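Breakdown of the fold
One letter stands for each residue in the lines below.
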Amino acid sequence: MVRRAILASALALAATAAFAQEVKVGLVVPYTGVGAELGQAIDRGTELYLKLNADKVRPYKITLIKRDDKDASGATSKTVVQELLTQDNVDVLAGWVYSPNAIASAPIVSAGKKLAVIMNAGTAHITNMSPYFVRTSFSMWHAGYGMGEVAAKQLGKTAVIGYTDFPPGKDMLNSFKRAFEANGGKVIDEIPMGGANAVPDFTPFFQRAKDKKPELFFVFVPAGEHSSAVVRTYGALGMRQAGIKLIGPGDITQDTKLQAMGDAAVGLITMHHYNVDLDNPENKAFVAAWAKEYGANSIPDFFAVGGYDGMAAIVHAVSALKGKVEGDKAVEALKGWGYKSPRGPILIDPETRDIVMNEYLSEVVKGADGKLHQKQIGKIDNVKDACKALKIPPCGT
């Protein structure tokens, strides 16, 4: 009887220990709707990191609890984040494709006091909205401000800006315009081009830009089908033949959409932190592992890298805290954390909880293999979020 009691006690302790090793991560991305493909890329990025880095995860078990953040209204996000915190009792929150959803979630994140890793949403001031937000993706100001500087110095002196009319689009407008005009350029028109929830007919917007006869047309849209439509419209209206260069962040040359864009994409110049053609050992290994896991014709993009690096950050916090992922301590564990990502070296800025990373200037070219590639033609090292660095409201005062 005593032996049975000891055995039962040992088994109970073992079960308790095993339970304590589990870390639950609530992943909030769109699995349906216009952003489903983007959400899938983040999802796959997180899963691939866990599979490739099982040795770094042990002895802990990370369980992903996935919720559909299906639109950019913010309402769905608030509901699912609340459920993850109160019903699923997650230890960490992660995801957010769309900025309005991360913005809407901020008060709930603060109340829940859990680490919340932003894997995409790029509106600059989001990380100011909750002390528990840490971003492993980008701020719109990373690419927008860098492109504004380079464009004015190297590409042209007059520009029209076209942007999707939601918070990231307005951030991209402001970041590019500020840098472009500070370096001698002139923005001659600003064109809001519909919202993020549906792909509009870009023709009237692009025709308006063409009629202004700028040297450059800087465009931001939220990737996916939006980017494909941008390039189709640019080609259909003969804007290149009219002497207008299409430029923008890497959203408009998203890797997973690039081949279908055809020759209309050749010559596009972008600034971004990742593309599948980056020449470094970590990216080559990442791309090969992705193809092995998800199919020979499948390639990752910047959404995938946001998820991959976001999970790397979560695993670091879990390991540093020995599986007890308390929100404040988890955030502290990530301040100043860095590692070699497929995008190059990254670091979490200890002051802003935003990412510091390289930005790559790329041109779309047709390779000897007949496929489209993004050829690196420039680089800016260790870029911080300029909105916060320059203390531009609402990022700073």
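Residues numbered from 1 in each chain as written. Predicted model: local features only at pLDDT ≥ 70, side-chain atom pairs only at ≥ 80, totals over all residues. Heavy atoms only, no water.

Another aspect to go through is the state of the cysteines. Under the criterion given, the structure shown has 1 disulfide. Each disulfide pairs two cysteine sulfurs, and for C387 the partner residue is C395, the sulfurs being separated by 2.0 Å. Taking the torsion about the S-S bond as the criterion, the C387 to C395 disulfide, at about 95 degrees, is right-handed. Classification of C387 as buried rests on a relative accessible area of 2%. (Disulfide = S-S within 2.5 Å. Buried < 20%, exposed > 50% of the residue type's maximum accessible area, 1.4 Å probe, protein only.)

Time to look at the pairing of strand β4 (residues 115-118). Residues L115 and V117 line one face of β4 and the alternating positions A116 and I118 line the opposite face, and both faces are buried. Pairing between strand β3 (residues 92-95) and β4: 4 bridges, direction parallel. Along β4, the bridge assignment pairs G95 with I118. You can see the chain leave β3, run along helix α5 (residues 99-112) and come back into β4, and the turn it takes is right-handed. By the bridge criterion, 3 bridges tie β4 to strand β5 (residues 133-135) in an arrangement that is parallel. In the sheet register, I118 faces β5, and the bridge partner there is R135. (Helix = DSSP H or I, 4+ residues; strand = E, 2+ residues; numbered from the N terminus. Pairing = 2+ DSSP bridges. Right-handed = clockwise from strand over helix to strand, strands pointing away.)

Moving on to the nonpolar core. Within the largest apolar cluster, 98 residues are counted, with the highest numbers of intra-cluster contacts made by L93, W96, L115, M147, F176, I247 and I314. Looking at this core, the element that brings in the most residues is helix α12 (residues 302-320), giving 12 residues. Once you skip the residues sitting within four places of it in the chain, F176 turns out to touch G144, Y145, M147, G148, A151, A159, I161, F218 and I247. In this structure, M193, Y234, M261 and A265 belong to the second largest nonpolar core, which totals 25 residues. (Core = buried A, V, L, I, M, F, W, Y, C linked by side-chain atoms within 4.5 Å. Contact = heavy atoms within 4.5 Å.)

This part is about the confidence of the model for the protein chain. Taken over all residues, the pLDDT of the protein chain has a mean of 93, while the share at 70 or more is 95%. In this model residues 1-20 is a low-confidence stretch, pLDDT under 50, and it forms 1 contact with partners more than four residues away in sequence or in other chains. (pLDDT = per-residue confidence, 0-100.)

We now examine the environment of I377. Along the polypeptide, I377 turns up in strand β14 (residues 372-383). Since its relative accessible area comes to 40%, I377 is described here as partly exposed. Through-space distance from the C-alpha of I377 to that of S227 is 21 Å; in sequence the pair is 150 residues apart. Each residue touching I377, except ones within four places of it in the same chain, is listed here: L361, S362 and E363.

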